[in-house]
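The chain contents come next:
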Amino acid sequence: METENRDYKYFMQDTGSVYLGAKLSYAEILQDEMVNFKYKSIVEHYIFKDTDPETTLESHLYYMTKEQFSCRTYEQLKAKVKVSILEDRKSLFGRKKTGYVTKLMPLAALVDMNLAQKKAKGVVIQELALSKLGLMAFSV
């Protein structure tokens, strides 16, 4: 099982964003020396108000509700979520075809979907993307 998850346990960053693989637990994030200190501080002070350290990002984001303090925290960080979702598409010959599409969506759009909708659309969470500007502007 661990070898399957390795591809989805990562921390990366570019000039505008920070990316975290969805299979990371919050405990693993806090132990990873590559993850920046400010995000670790936000996790410890704000995310842990309603989330267990052993929870994975995937599970937390999938079951997150608007009422949770961690949801409001992630919205302040301009969080986006990379998901695979089932969608109907038209093929070359005009026939309807259903398949998975990868999308980067605002966290609010994911949270607005209820559990039944997420299950019906086969939502699979792959990654959490945070704006570096959002991180910079967030005061701990």
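Bear in mind the structure is a predicted one, so any value in this text is a computation, not a measurement. (Residues numbered from 1 in each chain as written. Predicted model: local features only at pLDDT ≥ 70, side-chain atom pairs only at ≥ 80, totals over all residues. Heavy atoms only, no water.)

Asks: How should the overall build of the protein chain be read in this particular structure?
Replies: For the protein chain, the helix and strand inventory stands at 8 helices and 5 strands. In sequence order, the protein chain lays out its α and β elements as α-β-β-α-α-α-α-β-β-α-α-β-α. For 140 residues, the compact-globule estimate of 2.2 N^0.38 gives 14 Å, and the C-alpha radius of gyration of the protein chain, at 16 Å, lies within 12% of that figure. Considered along the principal axes of its C-alpha atoms, the protein chain spans approximately 55 × 35 × 30 Å. Expressed as a percentage of the 140 residues in the protein chain, the buried residues total 41%. Contacts in the protein chain between residues at least 24 apart in sequence constitute 61% of all its contacts with a sequence separation of at least 6. Taken as a whole, the protein chain presents about 8,400 Å² of accessible surface, with 53% of it coming from carbon and sulfur. (Helix = DSSP H or I, 4+ residues; strand = E, 2+ residues; numbered from the N terminus. Rg over C-alpha atoms; globule rule 2.2 N^0.38 Å. Buried < 20%, exposed > 50% of the residue type's maximum accessible area, 1.4 Å probe, protein only. Contact = heavy atoms within 4.5 Å. Areas by Shrake-Rupley, 256 points an atom, 1.4 Å probe, with all protein chains shown as cover.)

Asks: Sorry if this is basic, but what is going on with the nonpolar core here?
Replies: As a rule of thumb, soluble globular proteins bury nonpolar side chains together. Counting residues in each nonpolar core, the largest one holds 35 residues, and the members touching the most others are L20, Y39, L57, Y74, I125, L128 and L130. Secondary-structure elements contributing two or more residues to this core are strand 2 (17-21), helix 2 (26-31), helix 3 (37-45), helix 4 (57-63), helix 5 (69-76), strand 3 (80-90), helix 6 (107-112) and strand 5 (124-131). Ignoring anything within four residues of it in the chain, the contact list for L20 reads Y10, F11, I29, V35, Y39, L57, Q126, E127, L128 and L130. (Core = buried A, V, L, I, M, F, W, Y, C linked by side-chain atoms within 4.5 Å.)

Asks: I would appreciate a short explanation of the side chain of T73 in the present structure.
Replies: Secondary-structure assignment places T73 in helix 5. By relative accessible area, T73 is classed as buried at 4%. Ignoring any residue separated from it by four or fewer positions in sequence, one finds T73 in contact with I42, Y46, I47 and F138.

Asks: Sorry if this is basic, but what is going on with the pairing of strand 2 here?
Replies: Consecutive side chains along a regular strand alternate between the two faces of the sheet. Along strand 2, 5 of the 5 residues are buried, which leaves the element largely enclosed by surrounding structure. Side chains of strand 2 alternate between two faces, with S17, Y19 and G21 and V18 and L20 buried alike. Connecting strand 1 (residues 11-13) to the next strand, strand 2, in antiparallel fashion are 3 residues. Pairing analysis gives 5 bridges linking strand 2 to strand 5, with the strands arranged antiparallel. (Pairing = 2+ DSSP bridges.)

Asks: Any chance you could explain the pattern of salt bridges here in plain terms?
Replies: Oppositely charged side chains are able to pair whenever their charged atoms sit close together. One pass over the structure, following the stated rule, counts 4 salt bridges. Where E58 meets K23, a salt bridge forms, and the shortest distance between an N and an O atom there is 2.9 Å. Within this pair, whereas E58 is found in helix 4, its partner K23 is found in the loop between strand 2 and helix 2, the two being separated by 35 residues in sequence. Residue class for E58 comes out partly exposed when judged on its relative accessible area of 21%. When its relative accessible area of 24% is taken as the criterion, K23 is described as partly exposed. Between D112 and K66 there is a salt bridge, with the nearest N and O atoms lying 2.8 Å from each other. Of this pair, D112 sits in helix 6 while K66 sits in the loop between helix 4 and helix 5, and the two are 46 residues apart along the sequence. The exposure class of D112 is partly exposed, given its relative accessible area of 48%. The class of K66 is partly exposed, set by a relative accessible area of 47%. (Salt bridge = Lys/Arg side-chain N within 4 Å of Asp/Glu carboxyl O.)

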